[in-house]
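Fold and geometry: a report
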Amino acid sequence: MKTLFNPAGSIRRRLLWLLLIGAAVLSGLLYLSVSTVARSAVETTQDSILGAATIAIAEQLRGADDGVEVDIPYTAFSMLGAVGEDRVFYRILVNGETVTGYDDLPLPDTTPAGLTPRYYSHPYQDMMVRIAAVERPVLVSSRSVAVQVLVAQTRTAQDAIVGQMANRAAALGLGFFGVAAVLAVVTARSVVQPVNSLAEAMGRRGPQDLRPVTRPVPQELTPLVAALNGFISRLSGALTRTETFIAEAAHHIRTPLATLRAQAELALRQTDDDATRATLRGVIRSVDDSARSASQLLEHAAVVYRSDQRADDRIDLAALARDIGQSFGPTADLRDLTLAVHTPDSPVWLTADRLLVETALRNLVDNAIKYSNPDGQVSIDVDQSATHASVRVSDRGRGLDGARRSHLTARFQRGGNVGDVVGTGLGLTIVQEVARAQNGSFTLSDRTGGGTCAELSLPL
Amino acid sequence: MRRIILAAVMVLAAHAATAFQIEEETLFPGTPNGRELSILSTTDTEIFRPLIDAFQQANPGVSLRYSVASSTEVYAAVHDDHAAYDLVISSAMDLQMKLANDGYALAHRSAQTGTLPAWARWRDQLYAVAQEPVVTILSRKGFAGLDLPHTRADLLSLMRDNPDRFRGRIGTYDPARSGAGYLFATQDARQSDTFWRLAEVMGTLDPRLYTGSADMIGDLQSGQLIVAYNVLGSYAAASLPPDGDAIILQPEDFTHILLRTALIPRDAPDPGLGGAFLDFLLSDQGQTLLDQVAGLPRINEAALAAEQNLRPIRLDPGLLVYVDPLKRQRFLREWAAAVVQP
Ligand SMILES: Nc1ncnc2c1ncn2[C@@H]1O[C@H](COP(=O)(O)OP(=O)(O)OP(=O)(O)O)[C@@H](O)[C@H]1O
Ligand SMILES: [Mg+2]
C-alpha cells in the first residue's frame, strides 16, 4: 500500500492497484451475490418439494368412524428422492398425539395455518434437517380434529448443489477478476503512455536542443507542457542574451584596442627616448594580449552558440586540414618550424558544422606552433576508421609537463609550462566544446620522445 | 488350500441371548484368535457358501459366522437389538432402506462401491449386490388346453374363465407373514390396479399362502399348484429344470426387479471386515460367483435396459411409505379383505 500513496511512486502502478482493488471488490461482490442468490433459489426449490410432499400426505387424510385415516401416498416420499439421497423423517399428530412416524421429530414453534406449510430447520439425529409442517382439520364423527403433518429431510443434496453453485460463482468471480486485471493493465498502460512518450521524446533530445515541445499531448498534460515550453524559451532567451552580450562586449573591447594599438605605434615611431619606447612596446604587448583574449572570448561564445544550432554540413576533413596547414604556413615559417600535413588521398567526408571543426583545428595548430621550440616539427595527420574520422596535431615542443587534460580544457586554465607564451586558456575549452557538440572525443597526451599529441575524433 | 472345518449349528428355537430368531448359524473357522466376520443374511447358507470360501481364500485366517434369518427378523436384529453383525444382507429392500434412513447403517466407500450405478446404492450406506426378477411360475400340465398368459391381465381372465381349474391351486406369498411377500405385494399395488383385481379373483379361488419361495416351488413341482405368483426368479431358475413342467413367466406388463442389498450396521464390531466382504461381493470375482455359482444375477444395467418390462424397485424414500405401521395395517387389511374371503 505504500506504493499507492507514495507521492514519488509510479502513477501506472497506483492506477493499476486502484483498478485491481476495485476489480477484486467487484469480483467478491459478484461471488457473494451469485452464491447467495443460488443458495436461496435452491433452498426455495427444495422447500417447495418438501412442502408438496407434506401437502400430499395432508390431502389424503380422511375422517373415519374410529378416527383419522392416514394413507401416505407413495409419491409423497418418492419425490423427495428425486433431488438426492437425503434421509426422510415424518410425523403425523392427531390432536397433538403422534399416531405414526418419528415421535421425537421437533414440532414448529407456532402451529401452521391453512395448507401453507411452515418451514423450519432443526437438528435431528445428529444432523440438521429441514422440516415442513402443515395442519389440517379433519371431521371425525362431526367433530373437528386437528391433524398435523411433519415431513423432514436432511440437506446433503442441497448442500452439494449449493457447494457446486458456489464453486461456479467462485470461478465466475475469478474469471471476472482475470479479465478485469488484464483490462486494468491495458488501461493503466494506455493512460500513462502519453506521459511516457513525452518523457521519452524529451530524453531523446540533445543537451542543447531548446526547441519548444509541439507534439500533441492529452488535455491534462497541456499545462505541464505549456509551463515546460515557457521555461525552455526563458532558458534559451537567457542563453542567447549571454552569448550576444559576450560577443558584443568582445567587439566593443577590440575596436578601441585597435585604435589604442595604432596610436601607441605612432607614438613609438615619433619618440627616441629609450625609456618611453620600452614603455610603449609594453603597452603594445598588453594591447595584443587583450585583443587575443577578446577574440578567444568571441570565438568561445560563437562556438557555444553554434553548438546549440549547429549546421549539418558535408565537410571533407582532409581538405580542411590542408587549408588550415596552408593558412598557418607563414606563422610556422616565422618560427622556423616545419609544418607537415598528412591526409589520405581520398576525401574524408563527415557530417558536422564546418565552422566548429575549423575553429577547433585552428586552436590545436595554434597551440602546437605556440608551444614548440624553433626548428621544431608540427604535423597534422588525418585518419579515417569505419565510424570515425580523426585529426591528430603533434609537435616536438615542451610537452604537457604532467598537467591533466581535464584541467587544461577548463575555462581560462593554462598549464604551468607556458613560460612567457601569451594566451588566455580558452583554446582547449573551445576544442572540448566542439568535440562534445559533434558527439566526438578529444584526447591530449605526451608523445614519446618529447612533445604533445592532440587528437580530435569525430563520428562520420 | 488350508483345510476348512465347517461347523453348522441349527438354531431352531429363539436365540438364547437375543429376541430375534435365527434359523441357522454356521461358523467357517479361520485361525484361532483371528478376526471374525459375522454376517446376518436372509439368503441360505448353501447359496453363499462358494462366496464365503472364496473370501476366506483371499483373506486367510478370517473366521466367518454366517447367520440366516427372515427379513423381518434381520430388521429387528439391527433396529431393536443392535445385534453385533458386521454385514447385513437382505432381500427386503424396504426394511433395509428404513434401517439406512434411520441411521442404523455406516457409510462405506471404496473403489468397488464406486463402480455401482446410482440406482443400485443409497447414500454410501446401502448397496445392491444382486438384481433378481420377481416372476410367476406356471405348470405346463396345469395349463394344458389353455393359452399361456403373458401378462397379469391374461392370467386374470384365465382365472375368471376357468375357476374350477384354478381353485386351490394358486400359490402366493402371505404379505402378513413374509417381508419379501409384503414388498412384492405393495410394489404391485403401487404399480397397477390390476393387482387388486387379481387379488380379488384369487380370493374367490381359495389361494394357498406361503412364507417362502422354496415351498411354493416345491408344491408347484409336486403338482399341488399350477400358478405360483410373485416368486423370486433366482430361486426358481436354480431349482427348476429348464425343460421341465414349470414355466417361468416374466409378466410383460411389468416385472419387478428386486435388489438384494447389503449394509454395515452402526453397531458392527468390525466394520472394516464387513466392508471388505461387501467389496468382495461387488468385485468382479464376487459378482461372477454370485451370478454363475450362487444363481443371484449380478448387477447389470445393460440387462435391465434390454427388456422393457423390467422395473427395478427404486432405492428411494418411497420404500419407507409401506413400512409405516399405519400404512402397513391398512394395506394388510385391504389385502385380507380381497383375498381371505369367508
Ligand atoms: N601543444 C602543446 N604543448 C604544450 N602545452 C600545451 C600545448 N597545447 C596546450 N598546452 C597547454 O595547455 C594549456 C591550455 O591551452 P589553451 O590553448 O587552452 O590555452 P593557451 O594556449 O594558453 O591560450 P589561448 O587561449 O590563447 O590558446 C596551455 O596553457 C598549455 O599549458
Ligand atoms: Mg592555445
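Thresholds applied
- Residues numbered from 1 in each chain as written.
- Chains lettered and ligands numbered in written order.
- Predicted model: local features only at pLDDT ≥ 70, side-chain atom pairs only at ≥ 80, totals over all residues.
- Heavy atoms only, no water.
- Patch = residues over 30% accessible without salt bridge, like charges linked within 9 Å, V, L, I, M, F, W, Y side chains within 5 Å.
- Areas by Shrake-Rupley, 256 points an atom, 1.4 Å probe, with all protein chains shown as cover.
- Salt bridge = Lys/Arg side-chain N within 4 Å of Asp/Glu carboxyl O.
- Helix = DSSP H or I, 4+ residues; strand = E, 2+ residues; numbered from the N terminus.
- Core = buried A, V, L, I, M, F, W, Y, C linked by side-chain atoms within 4.5 Å.
- Buried < 20%, exposed > 50% of the residue type's maximum accessible area, 1.4 Å probe, protein only.
- Near = heavy atom within 4 Å.
- Polar contact = N/O pair within 3.5 Å; in protein donor to acceptor, adjacent residues only side chain to side chain.
- Nonpolar A, V, L, I, M, F, W, Y, C, P; charged D, E, K, R; others polar.
- Pairing = 2+ DSSP bridges.
- Axes fitted to C-alpha atoms, helices over the stretch in contact; angles between N-to-C directions.
- Contact = heavy atoms within 4.5 Å.

To continue, consider a nonpolar patch on the surface. All names here are of chain A. Taken together, the side chains of W17, I21, V25, L26, L29, Y31, L32 and F176 define a hydrophobic patch exposed on the protein surface, amounting to about 720 Å² of accessible area. Element by element, the count of residues in the nonpolar patch is highest for helix α2 (residues 11-59), at seven residues. With respect to the element layout, L29 can be found in helix α2.

Side chains of a nonpolar character, in soluble globular proteins, are inclined to be buried together. In this structure, F77 and V151 of chain A together with F48, L64, I137, F277 and F331 of chain B are the most contacted members of the largest nonpolar core, which totals 130 residues. A per-element tally of this core places strand β8 (residues 126-139) of chain B first, with eight residues. Among the nonpolar cores identified, the runner-up in size contains 40 residues, and L361, V434, F442 and L456 of chain A belong to it.

Moving on, we come to the site of ligand 1. Residues and elements named next belong to chain A. Around ligand 1 there are 22 residues in total, and N367, Y371, R414, N417 and T424 lie nearest to it. At 3.0 Å from an oxygen atom of ligand 1 is found a side-chain nitrogen or oxygen belonging to R292. Taking K370, its side chain carries an N or O atom lying 3.1 Å from an oxygen atom of ligand 1. Compared with its free state, where it exposes 590 Å², ligand 1 has 99% of that area covered by protein. With three residues, helix α8 (residues 354-370) is the single largest residue contributor to the shell around ligand 1. By residue class, the composition of the shell around ligand 1 is seven nonpolar, 11 polar and four charged.

With that settled, the discussion passes to the sheet that holds strand β13 (residues 441-446) of chain A. Residues and elements named next belong to chain A. Read across the sheet, five strands follow the order β9-β11-β12-β14-β13 without closing on themselves; strand pairing throughout is mixed. The two strands at the open ends of the sheet, each matched to only one other strand, are β9 (338-342) and β13. On average, each strand axis in the sheet is inclined to that of its neighbour by 10°, with strand direction left out of account. In the sheet, β13 pairs with strand β14 (residues 452-459) via six bridges, with the strands oriented antiparallel. Looking at the pairing, T443 lines up with E455 of β14. Sitting on the sheet, helix α7 (residues 317-334) touches β9, β11 (377-384) and β12 (388-395), and the angle it makes with β9 is about 175°.

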